[in-house]
Amino acid sequence: TFLLFCENGDCLNRYTLQRINHEVFKNPEGLMDNFSRVTNHLQGKMAEEKSGKQCLCVIPANDGLSFHKDENGNYWRVTKFVDGGRSYEVPENAQQAYEAAKAFGEFQSKLTDLPGEPLIDTIPDFHNTRMRFEYFRSAVEKDQAGRSSGVCDLVEFALGREDLSDKIKGENFPVRVVHNDTKLNNVLLHKTSGEGMCVVDLDTVMPGCALHDFGDLVRTAACSALEDEVDLEKVSFLPAVFGAIFEGYLESAGDMLEQGEIDHLALAPQVITYELGLRFLADYLEGDLYFKIKRPGHNLDRARAQFKLLSSMEDHFGEMAEIVRECSSPKAFA
């Protein structure tokens, strides 16, 4: 990713230039078709509302396409730089978590009437937790990097929670256009007002389950530490922040959600945290082939932190369920 400065007389325009990872995203052209359709639709909605909210805007290449393929087979895109926003790895307060949740909820709601054929799956089975579990179990059995004997505690923890793999199956819930990677740092908050102003990183926008989006935001924003924290004493779930996230999400997406989705919002963070823990641990067992690492054992640190967070979520599940019941009652909408 590059920040591009272009002079036009006395005017300085800024753009974001990005190379699409075609090793992860096997169909970059289909991905950019998704990207263009979604951003064009959102731009139309925001023009109607005349609000201060923004969305990414693709700058077409000279041939009119939404991407450029270079002589080495790499795919590139350019979007207008979104000025005035800031992203956070962890929220500084509950209000930031609320604003992020509200922005992601608005993003989903505005895409409920996206016209045309369904978007393509840029990564098939991205949030298929059962598939992720089976892949993890296979990695344990193969032990191709010879590491499983040193992580018996984590393997036992993961195997003991296999039932989470089937708690939220996509076929049991409405298929929606969802973001699929709702980490807190994928929404820009206005530097001055603090309001959610723009959802970014749209590579994984595709058909899916709204619960996964909600759960992943909770995973990253309602945690007391970063997802690769080494000191597990610092890792814990934050129920008050969960309440703020739930309130913001329900405010913007509540009219869209069916009761069955609302009933599973307290459980969704456990499922997605478990899924990420499985993926980090499986990658560690395979020799760190998928996730980029910054140090030896980085994926192992990530897995330990996710499983510690999951354990803390389990301890607070009753409190989470009560927040959902109270905030989603008819009285709460009055």
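Before any of the text, the structure's been laid out above.
Quick look at the structure, then. From a predicted model like this one, the values you see are computed outputs, not experimental measurements.

Time to look at the overall build of the protein chain. Counting secondary structure elements, the protein chain contains 11 helices and 10 strands. Burial statistics for the protein chain: of 334 residues in total, 52% are counted as buried. When contacts within the protein chain are restricted to residue pairs at least 6 apart in sequence, long-range pairs at least 24 apart make up 75% of them. About 16,000 Å² of surface is accessible on the protein chain, with carbon and sulfur atoms providing 49% of the total. Across the protein chain, the centroid of the 35 positively charged side chains sits 2 Å from that of the 55 negatively charged ones.

So, about the nonpolar core. One finds Phe136, Ile245, Tyr249, Leu265 and Leu281 to be the most contacted residues of the largest nonpolar core, which totals 98 residues. Tallying contributions element by element places helix H8 (residues 268–285) first for this core, with 11 residues. Apart from residues lying up to four places away in sequence, Tyr249 is in contact with Ala101, Lys102, Gly105, Gln108, Ala210, Phe214, Gly254, Met256, Leu257 and Leu265.

With antiparallel pairing, three strands are arranged side by side in an open sheet as E6-E8-E9. What marks the edges here is a single partner per strand, and that holds for strand E6 (85–86) and strand E9 (196–199). Looking at chain direction, E6 and strand E8 (residues 187–190) are connected through two bridges and run antiparallel. By the bridge assignment, Gly85 is partnered in E8 with His190. Sitting on the sheet, helix H2 (residues 94–110) touches E8 and E9, and the angle it makes with E8 is about 125 degrees.

Time to look at the environment of Ile323. With respect to the secondary-structure elements, Ile323 resides in helix H10 (residues 317–327). For the pair Ile323 and Phe246, spaced 77 residues apart in sequence, the C-alpha to C-alpha distance is 8.1 Å. Excluding residues within four positions of it along the chain, Ile323 makes contact with Pro239, Phe242, Gly243 and Phe246.

With that out of the way, let us pick up the packing of helix H5 (residues 210–221) against helix H6 (residues 239–253). Running from N to C, H5 and H6 point in directions that differ by 145 degrees, and their axes come no closer than 10 Å. Between H5 and H6 lies a crossing of right-handed hand. Note on element contacts: H6 touches H5 through Val241, Phe242, Ile245, Phe246 and Tyr249, opposite Ala210, Phe214, Leu217, Val218 and Ala221. The class makeup of the residues in the contact of H5 with H6 is 10 nonpolar, no polar and no charged.

The grouping of Leu3, Phe5, Leu12 and Phe81 at the surface amounts to a nonpolar patch, some 370 Å² of accessible area in total. For Leu12, the location among the structural elements is in strand E2 (residues 11–20).

Looking now at H2. If you check H2, its first and last C-alpha atoms are 24 Å apart, about what 17 residues at 1.5 Å a residue would give, namely 24 Å. In terms of burial, H2 is a largely internal element, 13 of the 17 residues being buried.

Turning our eyes to something else, we now look at the packing of aromatic side chains. Summed over all chains, the structure comprises 11 aromatic pairs. Aromatic pair Phe67 and Tyr75: ring centres 5.7 Å apart, planes at 50 degrees, arrangement tilted. Here Phe67 falls in the buried class, since its relative accessible area comes to 11%. Ring centres of Tyr290 and Phe291 lie 4.9 Å apart, and the angle between their planes is 85 degrees; on these two criteria the pair is classed as edge-to-face. Among the aromatic residues, those joined into a cluster by ring pairs are Phe214, Phe237, Phe242, Phe246 and Tyr249. Its guanidinium or amino end placed over the ring of Phe157, Arg161 lies 3.6 Å from that ring's centre, counting from NZ or CZ.

Bringing the side chain of Thr79 into the picture now. Within the secondary structure, Thr79 is located in strand E5 (residues 75–80). On the accessibility criterion, Thr79 (3% relative accessible area) is buried. Residues in contact with Thr79, not counting those within four places in the same chain, are Tyr15, Thr16, Phe35, Cys57, Val58 and Ile59.

Given a rise of 1.5 Å per residue, 14 residues ought to cover 20 Å, and the 20 Å separating the end C-alpha atoms of helix H3 (residues 129–142) matches this to within 8%. Along H3, the residues classified as buried are Thr129, Arg132, Phe133, Phe136 and Ala139. The arc that holds every buried residue of H3, seen down its axis, measures 120 degrees, which confines them to one face. Of the exposed residues in H3, those oriented more than 90 degrees away from the buried face are Glu141 and Lys142. Structurally, H3 contributes buried residues whose contacts are with helix H4 (152–159) and H8. In the segment just after H3, Asp143 is the residue with positive phi, at about 45 degrees.

Bridge analysis of E8 against E9 gives three bridges, and the strand direction is antiparallel. Within E9, the residue paired with Leu189 across the bridge is Gly196. What sits between the antiparallel neighbours E8 and E9 is a turn of five residues, in which Gly194 has the positive phi angle 80 degrees.

Rules of the game
- Residues numbered from 1 in each chain as written.
- Predicted model: local features only at pLDDT ≥ 70, side-chain atom pairs only at ≥ 80, totals over all residues.
- Heavy atoms only, no water.
- Helix = DSSP H or I, 4+ residues; strand = E, 2+ residues; numbered from the N terminus.
- Buried < 20%, exposed > 50% of the residue type's maximum accessible area, 1.4 Å probe, protein only.
- Contact = heavy atoms within 4.5 Å.
- Areas by Shrake-Rupley, 256 points an atom, 1.4 Å probe, with all protein chains shown as cover.
- Lys, Arg positive; Asp, Glu negative; His and termini not counted.
- Charge placed at Lys NZ, Arg CZ, Asp CG, Glu CD.
- Core = buried A, V, L, I, M, F, W, Y, C linked by side-chain atoms within 4.5 Å.
- Pairing = 2+ DSSP bridges.
- Axes fitted to C-alpha atoms, helices over the stretch in contact; angles between N-to-C directions.
- Left-handed = near helix turned anticlockwise from the far one by under 90°.
- Nonpolar A, V, L, I, M, F, W, Y, C, P; charged D, E, K, R; others polar.
- Patch = residues over 30% accessible without salt bridge, like charges linked within 9 Å, V, L, I, M, F, W, Y side chains within 5 Å.
- Salt bridge = Lys/Arg side-chain N within 4 Å of Asp/Glu carboxyl O.
- Expected span 1.5 Å × (residues − 1).
- Phe/Tyr/Trp six-rings, centres within 6.5 Å; stacked < 30°, edge-to-face > 60°.
- Lys NZ or Arg CZ within 6 Å of the ring centre and 35° of its normal.
- Arc of directions from axis to C-beta.

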